[in-house]
Every structure is written in C-alpha cells, then in structure tokens.
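Here is how the chains run, residue by residue.
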Amino acid sequence: QVQLVESGGGLVQPGGSLRLSCTASGSIFSINVMEWYRQAPEKQRELVATITSGGITNYADSVKGRFTISTDSAKNTVYLQMNSLKPEDTAVYYCHMEITLWTNLLEYDYWGQGTQVTVSS
C-alpha cells in the first residue's frame, strides 16, 4: 500500500557532501515522523536524524552540525543533506516513516530499501 524509494547514495571523498532523498507513495493520509537510520558493517542500525510533522528535528551526536534533515510535504519526501563527511559515516542509510493510511486511518512503519554511502579517499 505504501512504498518508500531512496536515492542519492554513492562514493565521496572525506570532507565531501551528499544528499539523500526518500519519497513515499501510496495510500497516504498523513506522515507523522520521518527518520534516517544507518547501519555500518558488523554494527547495529542507529538513528541518525528525525523530523516530525511539526518540523521538530533531532540528530545523533555524531552528525550534529554536519547533517541536516528536511522535508517536502507536498512530495512526501524527506532529505538528508550530509556535509563534511567522514570515513566513519560509511554505511547503508535507510529512511523510515510512520504513516497513517487512508484505507483504515491506522499508523504503520515503513522502510526504504537502503542506499550505500561510502566515504573514502
């Protein structure tokens, strides 16, 4: 009923920038929370950034001041602007949304397919 499609990953040198996008489509009544997670090899998935429908943002300490989460509500899209990238930012990045459906007005969790970000010289 709902699909999340991510784009924007790739290979970048340390100090570089990337912007990730995640667009939701389907039977969407409202999107209540949009988040980005990441998972590095042999590590647990960690929350990177959150933005609520009211525009409140929160970031992991490791990315504060370097990453910015934003949304385009009209497009059901969340972005993650990543600046001053470090090798330790290398991971698969996943978007996550809490979405209320038109069909039953219940809220569900949805995940993107993941996009690889590699920071290396």
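Just so you know, these numbers come straight off a predicted model, no measurement behind them. (Residues numbered from 1 in each chain as written. Predicted model: local features only at pLDDT ≥ 70, side-chain atom pairs only at ≥ 80, totals over all residues. Heavy atoms only, no water.)

Asks: Just checking my understanding: could you explain the layout of surface pockets for this structure?
Replies: Where empty space is left becomes clear once a probe the size of a water molecule has been rolled over the atoms. Roughly 160 Å³ of volume is contained in the largest pocket. Taken together, 13 residues form the lining of the largest pocket, with Ile-31, Met-34, Ser-53, Thr-71 and Ser-73 sitting closest to its centre. Secondary structure elements with two or more residues in the lining of the largest pocket: β4 (28-39) and β5 (46-52). (1 Å grid on protein atoms, 1.4 Å probe; cavity = no way out; pocket = protein on both sides within 12 Å on 5 of 7 lines; lining within 4 Å. Points joined across faces, edges and corners; volume = space filled by probe spheres on them. Helix = DSSP H or I, 4+ residues; strand = E, 2+ residues; numbered from the N terminus.)

Asks: What is the right way to read the environment of Glu-107 from this model?
Replies: Tracing the backbone shows Glu-107 in strand β10 (residues 107-111). Overall, the relative accessible area of 45% leaves Glu-107 in the partly exposed class. Sequence separation between Glu-107 and Thr-71 is 36 residues; the distance between their C-alpha atoms is 19 Å. Not counting the four nearest positions on each side in its chain, Glu-107 is found in contact with Asn-32, Glu-98, Ile-99 and Thr-100. Here Asn-32 takes part through its side chain, which lies 2.5 Å from a polar atom of the side chain of Glu-107. (Buried < 20%, exposed > 50% of the residue type's maximum accessible area, 1.4 Å probe, protein only. Contact = heavy atoms within 4.5 Å. Polar contact = N/O pair within 3.5 Å; in protein donor to acceptor, adjacent residues only side chain to side chain.)

Asks: What should I look at first to understand the sheet that holds strand β3 (residues 18-26) in this one?
Replies: Pairing between sheet strands relies on hydrogen bonds along the backbone, with the strands arranged either parallel or antiparallel. In space, the four strands of this open sheet follow the order β1-β3-β8-β7, with antiparallel pairing throughout. Pairing within the sheet leaves two strands with one partner each, and these edge strands are β1 (2-7) and β7 (67-72). Going from strand to strand, the sheet's axes swing by 15° on average, the running direction of each strand aside. The pairing of β1 with β3 spans six bridges and is antiparallel. Following the sheet pairing, Glu-6 is matched in β3 by Cys-22. (Pairing = 2+ DSSP bridges. Axes fitted to C-alpha atoms, helices over the stretch in contact; angles between N-to-C directions.)

Asks: Explain the nonpolar core here, please?
Replies: Soluble globular proteins tend to bury their nonpolar side chains together. Trp-36, Leu-80, Tyr-93 and Ile-99 are the most contacted members of the largest nonpolar core, which has 33 residues in total. Secondary-structure elements contributing two or more residues to this core are β1, β3, β4, β5, β7, β8 (77-82), β9 (91-101) and β11 (115-119). A per-element tally of this core places β9 first, with six residues. Filtering out sequence-adjacent residues up to four positions away, Tyr-93 remains in contact with Glu-6, Leu-20, Trp-36, Tyr-37, Arg-38, Val-48, Phe-67, Leu-80, Met-82, Gly-114, Thr-115 and Val-117. (Core = buried A, V, L, I, M, F, W, Y, C linked by side-chain atoms within 4.5 Å.)

Purely geometric numbers; function is a separate question.
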